[in-house]
Amino acid sequence: MKEILYVQAGPFANFVGTHYWNSQESYFTYGEEQDPIVFHDRSFREGVNRKGEPTFCPRVLIFDRKSNFGALSDELYLDGSGTDGSPISQWDGGVVEYRQNPVPKSHYQVLLDQGIEESDDHAGDEKSLACGPANVRFWSDYSRVYYHPRSAQRLPDLADWEHAEGQWHAGREAFANYEHEHEIMDNEVRLFVEECDALQGVQLTSDCDTFGGFTDAFLTGFRDEYPKMPSLAFPLLSDASNLAVSPEDENTATKLINDALCIRNLEVLSTINVPLQHPSTWRPGEWLQGLRLDRGNPYHASAVLAAHIESTTLPLRHVHPCFLLKSSPHDISSLSSLLNASAALSISHLAGFYPVPSSVKWSHEAETRIYDLSMKTEGKSNSSKVAMTEYARLQVSRAFSSSECGIYEEFYSTKSPTPFSIHAPPYPTPSSFPRFFSPDIPPHDTHRVLSCLSTSNATAPMLASYATLVQECVDRRAEVVTRMGLEFDEMRELKDELWALCDRYAGPDEEWRAEEELLSEDEE
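Note that this is a predicted model, so its numbers are computed, not measured.

**Some points on the overall build of the protein**
And then number 1: A tally of helices and strands in the protein yields 14 helices and 15 strands.
And then number 2: Buried positions account for 57% of the 524 residues belonging to the protein.
And then number 3: As displayed, the protein has an accessible area near 23,100 Å², and 50% of this comes from carbon and sulfur atoms.

**Observations concerning the pattern of salt bridges**
Pairing of side chains with opposite charge becomes possible as their charged atoms draw close.
And then number 1: Taken as a whole and assessed by the stated rule, the structure comprises 22 salt bridges.
And then number 2: Between Glu497 and Arg264 there is a salt bridge, and its shortest N-O distance comes to 2.9 Å. Of this pair, Glu497 sits in helix H13 (residues 488-506) while Arg264 sits in helix H6 (residues 250-269); the two residues are 233 residues apart in sequence, bridging distant segments of the chain.
And then number 3: Judged by relative accessible area, Arg264 falls into the buried class, the value being 14%.
And then number 4: Across the salt bridge formed by Glu390 and Arg393, the nearest N and O atoms sit 2.6 Å from each other.
And then number 5: A relative accessible area of 25% places Glu390 in the partly exposed class.
And then number 6: By relative accessible area, Arg393 is classed as buried at 11%.
And then number 7: Salt bridges here are not isolated pairs; linked through shared partners, they connect Arg45, Arg150 and Glu195.

**Digging into the packing of helix H3 (residues 168-182) against helix H5 (residues 208-225)**
And then number 1: Remark: H3 packs on H5, axes separated minimally by 6 Å, with the N-to-C direction vectors making an angle of 45°. Comparing the axis directions of H3 and H5 gives the class oblique. When the axes of H3 and H5 are compared, the crossing they make is right-handed. Note on element contacts: H5 touches H3 through Gly212, Gly213, Phe214, Asp216, Ala217, Phe218 and Thr220, opposite Trp168, Gly171, Arg172, Ala174 and Phe175.
And then number 2: Across the contact of H3 with H5, the residue classes tally to six nonpolar, four polar and two charged.

**Examining the packing of aromatic side chains**
And then number 1: As enumerated under the stated definition, the model contains 35 aromatic pairs in all.
And then number 2: Taking 5.8 Å as the distance between ring centres and 45° as the angle between the ring planes, the aromatic pair formed by Phe28 and Phe56 counts as tilted. On the criterion of sequence distance, the pair formed by Phe28 in the loop between helix H1 (11-26) and strand S2 (44-48) and Phe56 in strand S3 (residues 54-58) is long-range, its members being 28 residues apart.
And then number 3: Assessed through its relative accessible area of 18%, Phe28 is described here as buried.
And then number 4: Geometrically, the ring pair formed by Trp362 and Tyr412 is tilted, given 6.3 Å between the ring centres and 55° between the ring planes. Highlighted residues: Trp362 in the loop between strand S9 (349-353) and helix H9 (364-367) and Tyr412 in helix H10 (residues 402-412), separated in sequence by 50 residues. The two residues Trp362 and Tyr412 agree in class, both being buried.
And then number 5: Aromatic rings pair up to connect Phe63, Phe175, Tyr178, Phe211, Phe214, Phe218, Phe222 and Tyr226 into one cluster.
And then number 6: Over the ring of Phe192 we find Arg150; its NZ or CZ atom is 4.8 Å from the centre of that ring.
And then number 7: Above the ring of Phe69, the side-chain terminus of Arg154 is found at 4.7 Å from the ring centroid.

**Digging into the sheet that holds strand S10 (residues 371-372)**
And then number 1: With mixed pairing, five strands are arranged side by side in an open sheet as S10-S9-S15-S11-S12. At either margin of the open sheet sits one strand with a lone partner, and together these are S10 and strand S12 (420-424).
And then number 2: Of the strand pairs in this sheet, S9 and strand S15 (residues 449-456) are connected by five bridges, and their pairing is antiparallel. Counterpart to Ala351 in the pairing with S15 is Cys452.
And then number 3: Sitting on the sheet, helix H7 (residues 298-312) is in contact with S9, strand S11 (390-398) and S15, with an inclination near 75° to S15.

**A few points about the side chain of Gln153**
And then number 1: Tracing the backbone shows Gln153 in strand S5 (residues 152-155).
And then number 2: Relative accessible area serves as the criterion here: at 3%, Gln153 is assigned to the buried category.
And then number 3: Polar side-chain contacts of Gln153 include one of 2.7 Å to the backbone oxygen of Arg150.
And then number 4: In contact with Gln153, not counting residues within four places along its chain, are Leu61, Ile62, Phe63, Asp64, Phe69, Tyr178, Ile184 and Glu188.

**Structural notes on the pairing of S3**
And then number 1: When S2 meets S3, the two strands line up antiparallel, connected through five bridges. Residue Arg45 lies in a different strand from S3, and its bridge partner there is Cys57.
And then number 2: Linking S2 back to S3 in an antiparallel pair, the connection comprises five residues, with Gly52 at a positive phi of about 80°.

**Some details on the sheet that holds strand S6 (residues 201-207)**
And then number 1: Spatially, S5-S4-S1-S6-S7-S8 is the arrangement adopted by the six strands of the open sheet, whose pairing is parallel. Each end of this open sheet is capped by a strand with a single partner; those strands are S5 and strand S8 (272-273).
And then number 2: Alignment of strand S1 (residues 4-9) against S6, held across six bridges, turns out to be parallel. Looking at the pairing, Tyr6 lines up with Gln203 of S6.
And then number 3: Strands in contact with H1 are S1, strand S4 (60-65), S6 and strand S7 (231-236); relative to S1, the strand with the most contacts, it is inclined by about 140°.

**Considerations on H7**
And then number 1: Spanning 15 residues, H7 covers 21 Å between terminal C-alpha atoms, matching the ideal 21 Å at 1.5 Å per step.
And then number 2: Counting buried residues along H7, 14 of its 15 residues qualify, which places the element largely inside the surrounding structure.
And then number 3: Here H7 starts with a cap whose side-chain oxygen sits 2.9 Å from the backbone nitrogen of Tyr299, and that cap is Asn297.

**Some points on the nonpolar core**
And then number 1: Counting residues in hydrophobic clusters, the biggest one holds 64 residues, and the most contacted among them are Leu276 and Trp282.
And then number 2: Looking at which element gives the most residues to this core, the answer is H7, with eight residues.
And then number 3: Other than its neighbours up to four places away in sequence, Trp282 contacts Gln277, Trp287, Leu293, Arg295, Ala301, Val304, Leu305, Tyr371 and Leu373.
And then number 4: In this structure, Trp168, Ile257, Leu261 and Ile263 belong to the second largest nonpolar core, which totals 38 residues.

Cut-offs used in this document
- Residues numbered from 1 in each chain as written.
- Predicted model: local features only at pLDDT ≥ 70, side-chain atom pairs only at ≥ 80, totals over all residues.
- Heavy atoms only, no water.
- Helix = DSSP H or I, 4+ residues; strand = E, 2+ residues; numbered from the N terminus.
- Buried < 20%, exposed > 50% of the residue type's maximum accessible area, 1.4 Å probe, protein only.
- Areas by Shrake-Rupley, 256 points an atom, 1.4 Å probe, with all protein chains shown as cover.
- Salt bridge = Lys/Arg side-chain N within 4 Å of Asp/Glu carboxyl O.
- Axes fitted to C-alpha atoms, helices over the stretch in contact; angles between N-to-C directions.
- Parallel < 35°, antiparallel > 145°, perpendicular 65-115°, else oblique.
- Left-handed = near helix turned anticlockwise from the far one by under 90°.
- Contact = heavy atoms within 4.5 Å.
- Nonpolar A, V, L, I, M, F, W, Y, C, P; charged D, E, K, R; others polar.
- Phe/Tyr/Trp six-rings, centres within 6.5 Å; stacked < 30°, edge-to-face > 60°.
- Lys NZ or Arg CZ within 6 Å of the ring centre and 35° of its normal.
- Pairing = 2+ DSSP bridges.
- Polar contact = N/O pair within 3.5 Å; in protein donor to acceptor, adjacent residues only side chain to side chain.
- Expected span 1.5 Å × (residues − 1).
- Core = buried A, V, L, I, M, F, W, Y, C linked by side-chain atoms within 4.5 Å.

Written as structure tokens, this is what we have:
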């Protein structure tokens, strides 16, 4: 069946994941006359709750701090008394029980429980919507799916004096402690895997800033158990990922070194890696026409990322006979072969154009509105001076007419290499989706999208920027290294591996590399 095991780690990753699963839920069909357009079994698992009723829940592991789960509960699997059916204690002595007041459900969840779907009558005033940004406290506030009890992995909350940003070793230790206590590899992970007929791989979305070390330790343990399992990772970089930083700026340098460790280790642990820049670093421009996007609001920003992640991974689940993918021959392994034919370039970029107005005619001008969500645009890189060389590209269009597809195919046929294109049905936007569209974009329940995955030399400047910072930290014996619990030998090894990766992606044009090295020497 080519099932997928999903992993989400971190608060922003779970904002993205919630939008992703809500879109998946929108594909459900409830009548025999409707043909499904995706293989639901690839992302969802069948089960039975305590009442003997059939259930259909995402095959996902969700890691986050306990307080970030909000009002999410396992009510689908609770017994009639409202408890989880856990064994009754044999202690017959006195018991004093203290219960914390439960987090109240969001207004949107209350409406869903009542079977009321919020309409678009107030789409022009997003604040009036039950699922508007002012009413979203947690990522669970707008979730439309039920999760299996083994999906929710609630990590202990940090003490007031603790923080997780950029703490690489603390993240790894947090996973080791959690694994020691819960044995999730032998329990939750193994149970999910053994339910599958033919698992095609793992799709991971994680916050590098707060869950970088944790995710690295998880993947290391997973690789020990399943060394040949393909994986597709979407690491969400920190808000420092686009900055020019000195080692003396310890807080920001910590985040960047943590990002660098994530990317370096994913190169070894994961088959395809798609690093995504933090929304605060996204540049305003024509690509945002049609959206009233608040980049500082995770509910808004995660919706844009989810739309492109869901679209580019659609070939892994697609089944509709009218859109080239009747038998869905694609899986994570074949996607890797498409993007990384040389088996040396596992880092790809995610780009897209959303929503695509019906008035768009495919031309070079329209192509400039495709925004690269992975590219570094600031900091110590000369990316603007590097001629773009693309090695491979997958493009997925949503809701393009047959005439549009012809113009689109003709336009891209002149490109080298020619993109591998897939034309698919529209992207679903349920009532949980932000109503952040401009007045000229009708508030439909579906929209047109163009999403792309590509490998190119545009990855090199990002790697060079990380390598330059790490090199400066080594040359200056920066205190940030010891504060992170790292050894200078580790940093030298990290620097050498980042430069080696940089050279691998740069290709034959390495003039900018020399400029980066001169810049590093001048700053010493």
